[in-house]
Amino acid sequence: NAGVMQNPRHLVRRRGQEARLRCSPMKGHSHVYWYRQLPEEGLKFMVYLQKENIIDESGMPKERFSAEFPKEGPSILRIQQVVRGDSAAYFCASSEKTGLNEKLFFGSGTQLSVL
Amino acid sequence: EDKVVQSPLSLVVHEGDTVTLNCSYEVTNFRSLLWYKQEKKAPTFLFMLTSSGIEKKSGRLSSILDKKELFSILNITATQTGDSAVYLCAVDTSGTYKYIFGTGTRLKVLA
């Protein structure tokens, strides 16, 4: 029973390049959430998606960041024209449904380093 | 602004010691409080607390919530080196997914 799978574990990009982070939710889970963890800070909510729909992107920067969860395949968090401030750990979480007191299961994260 | 504050920021103990980790919160809409253990990156779920005064227990770990004083504690008894990790507290303000996380308590247990 595989958990939430994220890849790559580590990603190095130069300023101006694109970063693409992937997340496969737990089997049977159709709700995906992305969080970002900056050094010495807590995890911060970015975006919540269901299959083919963005439900809430209120925590995601309006520019350069986008997310998708296609009908087939993993969820993708895309960061265009990365800057040094994008360096962080990006965590994906999933849940079977969303509702009162539904807990999230997290992946191991992707550590993005921007040179 | 909603916030979750954990203390201490870090803690070093010896095997066999008992530790108490604190989490206080100020949020406009409280649904539940969760504890996660983060070691080697992946936060793993420990407890979800919704009601005051009811202790949740799992082996050597236990947690309790005080909704009047707006805090929770996580206790670990007879600590082991495998307990070394960052312990995260989060408050769910929406009943769904928008967790507000604290910065965590880094626990190191020495043999």
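Above: the structure in question.
Just so we're clear, the structure is a prediction, and the values are computed from it rather than from any experiment. (Residues numbered from 1 in each chain as written. Chains lettered and ligands numbered in written order. Predicted model: local features only at pLDDT ≥ 70, side-chain atom pairs only at ≥ 80, totals over all residues. Heavy atoms only, no water.)

(A) Region of the structure containing the nonpolar core. Residues W34, M46, L77 and Y90 of chain A are the most contacted members of the largest nonpolar core, which totals 23 residues. Elements supplying a minimum of two residues to this core: β3 (19-24), β4 (31-37), β5 (43-50), β7 (65-68), β8 (75-79), β9 (88-95) and β11 (110-114) of chain A. Excluding its chain neighbours within four sequence positions, the residues that come into contact with Y90 of chain A are Q6, L21, W34, Y35, R36, M46, F65, L77, I79, G109, T110 and L112 of chain A. Core analysis: the next-biggest nonpolar cluster, separate from the first, contains 21 residues, V4, V13, L33 and C89 of chain B among them. (Core = buried A, V, L, I, M, F, W, Y, C linked by side-chain atoms within 4.5 Å. Buried < 20%, exposed > 50% of the residue type's maximum accessible area, 1.4 Å probe, protein only. Helix = DSSP H or I, 4+ residues; strand = E, 2+ residues; numbered from the N terminus. Contact = heavy atoms within 4.5 Å.)

(B) Up close: the state of the cysteines. Residues and elements named next belong to chain A. Applying the stated criterion across every chain, the model contains two disulfides over all chains. Residue C23 pairs covalently with C92 via a disulfide, S to S 1.8 Å. Since a negative S-S torsion denotes a left-handed disulfide, the C23-C92 link at about -60° is left-handed. Within this pair, whereas C23 is found in strand β3, its partner C92 is found in strand β9, the two being separated by 69 residues in sequence. For C23, a relative accessible area of 0% puts it in the buried group. When its relative accessible area of 0% is taken as the criterion, C92 is described as buried. (Disulfide = S-S within 2.5 Å.)

(C) Representation of the sheet that holds β8 of chain A within the structure. Residues and elements named next belong to chain A. In spatial order, the strands read β1-β3-β8-β7; together these four strands make up an open sheet with antiparallel pairing. Each of the sheet's edge strands pairs with one partner strand only, and the pair in question is β1 (5-7) and β7. For this sheet, the mean angle separating the axes of adjacent strands, direction not counted, is 15°. Note that β3 and β8 share five bridges and pair antiparallel. By the bridge assignment for β8, R20 is matched with R78. (Pairing = 2+ DSSP bridges. Axes fitted to C-alpha atoms, helices over the stretch in contact; angles between N-to-C directions.)

(D) Layout of the interface of chain A and chain B. Contacts between the two partners involve 25 residues from chain A and, on the opposite side, 21 residues from chain B. Taken over both partners, the interface formed by chain A and chain B buries close to 1,900 Å², and the fraction arising from carbon and sulfur atoms is 58%. Counting the contacts that link chain A with chain B gives zero salt bridges. For the pair chain A and chain B, the interface holds four residue pairs in polar contact (both at pLDDT 80 or more). Broken down by secondary-structure element, the contributors of at least two residues to the side of chain A that touches chain B are β4, β5 and β9 of chain A. Here the side of chain A that touches chain B is composed, by residue class, of ten nonpolar, nine polar and six charged. (Buried area = accessible area lost by both parts, 1.4 Å probe. Salt bridge = Lys/Arg side-chain N within 4 Å of Asp/Glu carboxyl O. Polar contact = N/O pair within 3.5 Å; in protein donor to acceptor, adjacent residues only side chain to side chain. Nonpolar A, V, L, I, M, F, W, Y, C, P; charged D, E, K, R; others polar.)

(E) Unusual backbone geometry, seen in detail. N7 of chain A connects to P8 of chain A through a cis peptide bond whose omega is -5°. Inspection of the secondary structure assignment puts P8 of chain A in the loop between β1 and β2 (10-13). In the segment running from S7 of chain B into P8 of chain B, the intervening peptide bond is cis, with an omega of -10°. With respect to the element layout, P8 of chain B can be found in the loop between β1 (3-7) and β2 (10-14). One non-glycine residue, E52 of chain A, lies in the positive phi region at around 65°. Note on placement: E52 of chain A falls in the loop between β5 and β6 (53-56). For A78 of chain B, which is not glycine, the phi dihedral falls at a positive 45°. Taking the relative accessible area as the measure of exposure, A78 of chain B reaches 39% and is therefore partly exposed.

The analysis is restricted to geometry; functional conclusions fall outside its scope.
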